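# Summary of the model geometry
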Amino acid sequence: MKSFDVTVIGSGPGGYVAAIRCAQLGLKTGLIEKYSTLGGTCLNVGCIPSKALLDSSHHYEDAVKHFETHGIEIPGEVKVNLEKMIARKDAVVSQTTGGIDFLMKKNKIEVFHGLGSFKDSEHITVTKEDGSIEEIASKNTIIATGSKPSTLPFIQIDKERIITSTEALKLKEIPKHLIVIGGGVIGLELGQVYKRLGAEVTVVEYMDRIIPTMDASLSKELTKVLKKSKFKINVSHKVKAVNRNADEISVLADDKKGNEVEIKGDYCLVSVGRRPFTEGLNLEAAGVKINDRGQVDVNDHLQTNVKNIYAIGDVVRGAMLAHKAEEEGTMAAEIIAGQKPHIDYNLIPGVVYTWPEVASVGQTEEQLKESGIKYKMGSFPMRALGRSRASMDIDGLIKVLADEKTDEILGVHMVGARAADMIAEAVVAMEFRASSEDVARMSHAHPTFTEAIKEACLAVENRALHS
Ligand code: FAD
Ligand code: NAD
């Protein structure tokens, strides 16, 4: 029987990073993945393929709508070849997952393809595709089994027309009318892909605004921009039935006033969140507890109630984000190796890859109000930047929240071109506990979008230069 210092179950961004860090620290490491490719949700059916389609559809939209203004004329009609677009996305996915195979070999991590199941707290069976079973012994185990799409009890996902993000990444045709249930990250990103490609898109959101967990000003700004591009957004709508009749989908919802609304389309994307995935793990055999939300329960050291078993990423509490899973992968490995790492969860940024992009770190204005923290606010519109006008990316704003007395930055929230990359500046500033004045006094290259961060910091003291 093969034995390891650490076995990681699940090869998503949490699992494969944990395995690499364990190997770097000199621990003999095994990795179990039930699918034939490594990389988990993120690389196979999540972050990477969705961004590939967002990029392709963005190019198409630019060619159709914006090239002419730039003085670029394309003779004839610009057309979408969806099959080719999806094939390019698939190629990006296989290059990226292939990269993880390389990293496993480089770090001498033994990979097992098959379903990992606990036999007891120190033994795991791997059931392979051909039905054969291999048992391995492990001093420590890191559970990194991720998540799966959730749905509503009355919705029958048929994977053809009533679909989750996984199917939305490989459609064979552009929907005529895509109904999106859930105006969160997935709904808006994938909704925007098909909107750009020509679909009518209607979002049905239960809460009173889209991206409801982010700062309300971001939701307001993004709603404005999406509505300009003819996105239909129905907030405060409670979906109560989804029916399919041949190729037609009908979604029934109650609006804010309790009136029944029927929306008809040809595809319905259900994007109401994801749920932790623990099926097949046989956690009972190891004595590992899950909580009432189905998450593997962990303490601040990512340790389960069984001391040699850890859990990380989407399968535990907290934001379901690839970079959060990665940080936890590193942390679990270092704890097993006897180190004392730490994660500041307040500084895990959140990004929505629509265009304009939405990005956020730290506390929202609503959270500060709720906890009674006194703050100052500075905000700056992207349209006031020379860089924005040069590239015709004038939508959006940057908002900085700083402590009223100490001026320490408590939150940075942005909608705008390249916000996904710009948020890193705010993370660095907050990691080093910068004041808004510190950032306001830093030189920002001109002309760049990042000048809006400096200006928003200047605006905290009412002294923005360009607005
Ligand atoms: P996962 O990536 O889910 O990996 C878990 C792995 O464990 C899977 O490969 C699974 O097959 C395997 N597994 C499960 N059970 C077993 C078992 N018993 N034995 C063996 N293997 C098992 N996050 C971002 O930060 N940025 C984004 O842009 C982003 N975009 C997304 C877009 C979409 C459409 C989706 C669906 C998600 C997106 N996410 C994004 C979220 C991100 O994908 C997840 O937060 C991340 O993948 C979680 O990583 P993980 O390692 O915890 O789990
Ligand atoms: P989400 O939590 O972002 O959004 C779900 C939305 O559905 C929410 O706005 C919620 O209010 C709404 N909702 C819930 N029940 C509803 C109902 N009955 N009717 C109508 N609306 C309802 O979840 P998601 O978009 O499905 O994404 C799942 C996870 O994947 C998220 O946790 C997210 O962090 C992650 N993800 C991240 C990225 C990124 O980082 N760019 C991209 C995609 C997915």
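Residues numbered from 1 in each chain as written. Chains lettered and ligands numbered in written order. Predicted model: local features only at pLDDT ≥ 70, side-chain atom pairs only at ≥ 80, totals over all residues. Heavy atoms only, no water.

## Some thoughts on the site of ligand 2
For ligand 2, the set of nearby residues contains 21 residues, the closest of which are I186, E189, E205, G273 and V351. The backbone of I186 places a nitrogen or oxygen atom 2.8 Å from an oxygen atom of ligand 2. With respect to ligand 2, the backbone of M320 contributes an N or O atom lying 3.0 Å from an oxygen atom. Relative to its unbound accessible area of 840 Å², ligand 2 is 78% covered by the protein chains. At three residues, the largest contribution of residues to the shell around ligand 2 is made by helix 6 (residues 185-196). Across the shell around ligand 2, the residue classes break down as 13 nonpolar, five polar and three charged. (Near = heavy atom within 4 Å. Polar contact = N/O pair within 3.5 Å; in protein donor to acceptor, adjacent residues only side chain to side chain. Areas by Shrake-Rupley, 256 points an atom, 1.4 Å probe, with all protein chains shown as cover. Helix = DSSP H or I, 4+ residues; strand = E, 2+ residues; numbered from the N terminus. Nonpolar A, V, L, I, M, F, W, Y, C, P; charged D, E, K, R; others polar.)

## Section: the sheet that holds strand 14 (residues 260-265)
Ordered in space as 12-13-14, the three strands form an open sheet in which the pairing is antiparallel. Two strands bound the open sheet, and with one partner strand each, they are strand 12 (238-245) and strand 14. Between one strand axis and the next, the sheet turns by 20 degrees as a mean value, whatever way the strands run. In this structure, strand 13 (residues 248-254) lies alongside strand 14, joined through six bridges in antiparallel fashion. Bridge pairing in strand 14 links I249 to G265. (Pairing = 2+ DSSP bridges. Axes fitted to C-alpha atoms, helices over the stretch in contact; angles between N-to-C directions.)

## A look at the packing of helix 3 (residues 47-66) against helix 4 (residues 82-106)
Helix packing geometry: the angle between the two helix axes and the distance between the axes. Where helix 3 contacts helix 4, the axes come no closer than 9 Å and their chain directions differ by 140 degrees. With respect to their mutual orientation, helix 3 and helix 4 come out oblique. Between helix 3 and helix 4 lies a crossing whose hand is right-handed. Two secondary-structure elements touch here, helix 3 through I48, P49, A52, L53, D55, S56 and S57 and helix 4 through M85, I86, R88, K89, V92, V93 and T96. Of the residues belonging to the contact of helix 3 with helix 4, the class tally is eight nonpolar, three polar and three charged. (Parallel < 35°, antiparallel > 145°, perpendicular 65-115°, else oblique. Left-handed = near helix turned anticlockwise from the far one by under 90°. Contact = heavy atoms within 4.5 Å.)

## Overview of the packing of helix 3 against helix 6
At a minimum axis separation of 9 Å, helix 3 and helix 6 run at an interaxial angle of 30 degrees. In this structure, helix 3 crosses over helix 6, and the sense of that crossing is left-handed. Where helix 3 abuts helix 6, its residues S50, K51, L53, L54, S57, H58, Y60 and E61 lie against E189, L190, Q192, V193 and R196. Here the contact of helix 3 with helix 6 is built from residues that sort into five nonpolar, four polar and four charged.

## Thoughts on the confidence of the model for the chain
Per-chain confidence: the chain averages 98 in pLDDT, with 100% of residues scoring 70 or above. When pLDDT is averaged over each element of the chain, strand 17 (residues 309-311) comes out on top at 99 and helix 11 (residues 386-391) at the bottom at 97. (pLDDT = per-residue confidence, 0-100.)

## Focus: the packing of aromatic side chains
Considering all chains together, one arrives at one aromatic pair under this definition. With a centroid separation of 5.7 Å and an interplanar angle of 90 degrees, the aromatic rings of F4 and F112 are classed as edge-to-face. Of the two residues, F4 is situated in strand 1 (residues 2-9) and F112 in strand 3 (residues 110-113); the sequence distance between them amounts to 108 residues. Accessibility classification places F4 together with F112 in one group, the buried group. (Phe/Tyr/Trp six-rings, centres within 6.5 Å; stacked < 30°, edge-to-face > 60°. Buried < 20%, exposed > 50% of the residue type's maximum accessible area, 1.4 Å probe, protein only.)

## Focus: the pairing of strand 1
Of all the eight residues making up strand 1, six are buried; the element is thus mostly covered by neighbouring parts of the structure. As defined by bridge partners, strand 1 adjoins strand 2 (residues 29-33) across four bridges and the pair is classed as parallel. Among the inter-strand pairings, I9 is bridged to a residue of strand 2, identified as I32.

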